[in-house]
Structure formats: C-alpha cells, structure tokens
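In case you want the letters, here they are:
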Amino acid sequence: MTSTQAAGRTAETQVMGILNVTPDSFSDGGSYTAVSDAIARARKIDEAGAAIIDIGGESTRPGADPVSVDEELSRVVPVVEQIADDPDIEATISVDTYKPAVAEAVLDAGADIINDQNGLDDPDMRSLVASRECTAILMDAVNIPVEPEFTPAADDIVAAVCERLEERVERARSAGVADDQLVLDPGVGFATGPGDDLELIARTDEFSALGYPVLVGASRKSFTKAIVDQPPRERVAPSLAAHLVAANHGADIVRVHDVAETVSALRTAEALWEHRPHTR
C-alpha cells in the first residue's frame, strides 16, 4: 500500500496498529524495545489485518521524560529499516514523531507516513513534508506530554478542535503541503477531559466535514475509566466501542493496540451497516 492509499477515503475504515518501541509508554512500554521483538510484533500487526503500522519512539504519557533526537533515532530507525525490507509485511509504515530530524531519517529508512502529534507546528517539519510529498497525520494537541491537571478552555471542545485543525491545515498548505497529503486527528486524550473525549469521538463527522481523512486514536485511553474502571491492558472492549462509534461517524483510520479484535469488529459492523444504509 502506498502512502497515498493510506491517506485516501475508502469504503472500509483502516486499522493502524500501534508499535511502541519505548520503555515507558502507558500501556505496552518495554514490550518491544528489542528490535527482534519489535519486528515480531510488526508481523503480528500485519497478519491481523492492519493497513498501517505506527512506530513510536517517545512516550506521551503523563510524566514522560523527553527523548533526545539521537535516542529516538536509535529506537525507531532500525525497526523501520527491517520492516521496510521484510517482504512478508504489506502494511504501510508510519512513524509517530514531531522532530524533523527523526522524520527525515525514517523517511529515508522506508517510512511512508509521518504522524505528528504537534500538528506540523514546526516549520521545518512542514517544509520536510512538502518536499518529500509524504502523507502527514496532523494531530490537534495542546498538552504534550500529557499533564493530568491541564484543563482546556473551551465551551465546545469539538468546535475548538476544528478551529485549531483548520489553522494547522492552512499553515501546512502555505508551506506547500498538498491537501491529499493530510490526515486529521482530533487528539483524543490530549488536552481533554473524559467528557470532552466522548464528544470528540461521538462527533467525528464534524471533523470529516473539514474535507480531509480523519484518524481517531482512542485505544486503551484513560477517558474510559469514568465509564468502566479498568487498567490499560484490560480496556479492549471500551476501545472497540469507541472506535466503532468513530467509524460509524466517518473515521477513515483508527489507531489501536488490539488489532485483530478491531479488524474483526469493524468488518462485522461494516457488513451490518451495508444492510442499514441510513445508519452511517
């Protein structure tokens, strides 16, 4: 699959499988720090039906320490290179980074997508994405790393996020980034409270109305604790529910830890939606 295909709107919601090569991510930190373990996990993500593998080398969990460029490069580049060279892995490669130097290195190593949690805020990142003509996921976030006590000042969180996303899109376009390179992510879990996250998911169609493909990443996030109090690894069912609702309201991509379960649930839901065309 090419990066253009990953960014395009399709009949099926695509699944992006999470591969954190960090020691401290909130749900699976430390599980895939060895390159061999990361590649084995990438193969499982691909076999389970993910269209995209998203590799992250720096945690954004509450209290996470920043990671230097060199450290992030050492974590992600060998994994990208091996996945890109693996003929059995068909999924597109995405890398979750906001650092232009890391983005350039992983694109050279074989990545197709830059998943920028800072929404292409760095002008050097905008220039890089424009010159390399790669797909970029532009996320809205004003609280990275996440500070649990942060409270967003917005009467309508969806309207506020839409406004910020439109501003970020205009900056990207001004730097030469083409419309068909962009995917929007409303940033579930970043600068939001549990009620706000529910609003973002339930009103995904309002982000789709901006005219770009939309990614929703609600996997195992803490907003579900207000509904069902479970530790991160046990939040499979709440995550599935959130992503099915997002897909039903227009999400083009969902970013998940539990790939096989999500693919199965989505394909079943989509078969049902085909028989009730006015529900989607």
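Note that the structure is predicted; figures quoted are calculated from it, not measured. Numbering of residues starts from 1 in each chain and follows the order in which that chain's sequence is written. A pLDDT threshold of at least 70 governs which residues receive local features in this predicted model, and a stricter bar of 80 or more applies before side-chain atom pairs are shown or counted, although totals over entire chains, interfaces and linings include all residues. For the side-chain quantities, the full set of heavy atoms in the structure was used; hydrogens and water were omitted.

Participant: How should I be thinking about the sheet that holds strand E8 (residues 253-256) in this particular structure?
Facilitator: Sheets are built from strands paired through backbone hydrogen bonds, the pairs being either parallel or antiparallel. At least two bridges found by DSSP between two strands is the condition for calling them paired. Only DSSP runs of H or I reaching four residues or more are called helices, and only runs of E reaching two or more are called strands; each is numbered from the N terminus. Judged by pairing direction, the sheet is parallel, and its eight strands sit side by side in the order E6-E5-E4-E3-E2-E1-E8-E7 without closing on themselves. The open sheet terminates on both sides in strands that have one partner only, identified here as strand E6 (182-185) and strand E7 (215-216). Whether two residues are in contact is decided by their heavy atoms, any of which lying within 4.5 Å being enough. Axis definition: a line fitted to C-alpha atoms, over the contacting stretch in the case of helices. Angles run 0 to 180 degrees between N-to-C directions. Lying on the sheet, helix H2 (residues 35-47) is in contact with strand E1 (14-20) and strand E2 (52-56); it crosses E1 at an angle near 165°.

Participant: What should I look at first to understand the pattern of salt bridges in this one?
Facilitator: Pairing between side chains of opposite charge can happen when the charged atoms of each approach one another. We count a salt bridge whenever a side-chain nitrogen from Lys or Arg sits within 4 Å of a carboxyl oxygen from Asp or Glu. Taken as a whole, this structure holds 18 salt bridges when the rule is applied. Here Glu58 makes a salt bridge to Lys99, at a shortest N to O gap of 2.4 Å. Taken together, the residues span a long stretch of sequence, with Glu58 in the loop between E2 and helix H3 (69-85) and Lys99 in the loop between strand E3 (92-96) and helix H4 (100-109) at a distance of 41 residues. The exposure class of Glu58 is buried, given its relative accessible area of 13%. Among the salt bridges present, the one from Lys99 reaches Glu72, with a minimum N-O distance of 2.6 Å. Here Glu72 lies in helix H3 and Lys99 lies in the loop between E3 and H4, a separation of 27 residues in the sequence. Accessibility here uses a 1.4 Å probe with only protein chains present; expressed as a share of the type maximum, an area under 20% marks a residue as buried, one over 50% as exposed, and anything in between as partly exposed. For Glu72, a relative accessible area of 1% translates into the label buried. Via salt bridges that share partners, Asp156, Glu199, Arg203 and Glu206 belong to a single interconnected network.

Participant: Explain the pairing of strand E5 (residues 135-139) to me, please; I cannot follow it from the model alone.
Facilitator: Two faces, one strand: in a regular strand the side chains alternate between the faces of the sheet. Along E5, five of the five residues are buried, which leaves the element largely enclosed by surrounding structure. Residues Thr135, Ile137 and Met139 point to one face of E5 and Ala136 and Leu138 to the other, with burial holding for every one of them. Where strand E4 (residues 113-116) meets E5, four bridges bridge the pair, whose relative direction is parallel. Residue Ile113 lies in a different strand from E5, and its bridge partner there is Thr135. Think of it like this: strands point away, you trace from the first strand over the helix to the second, and a clockwise trace means the crossover is right-handed. Following the chain from E4 across helix H5 (residues 123-132) to the adjacent parallel E5, one finds a crossover that is right-handed.

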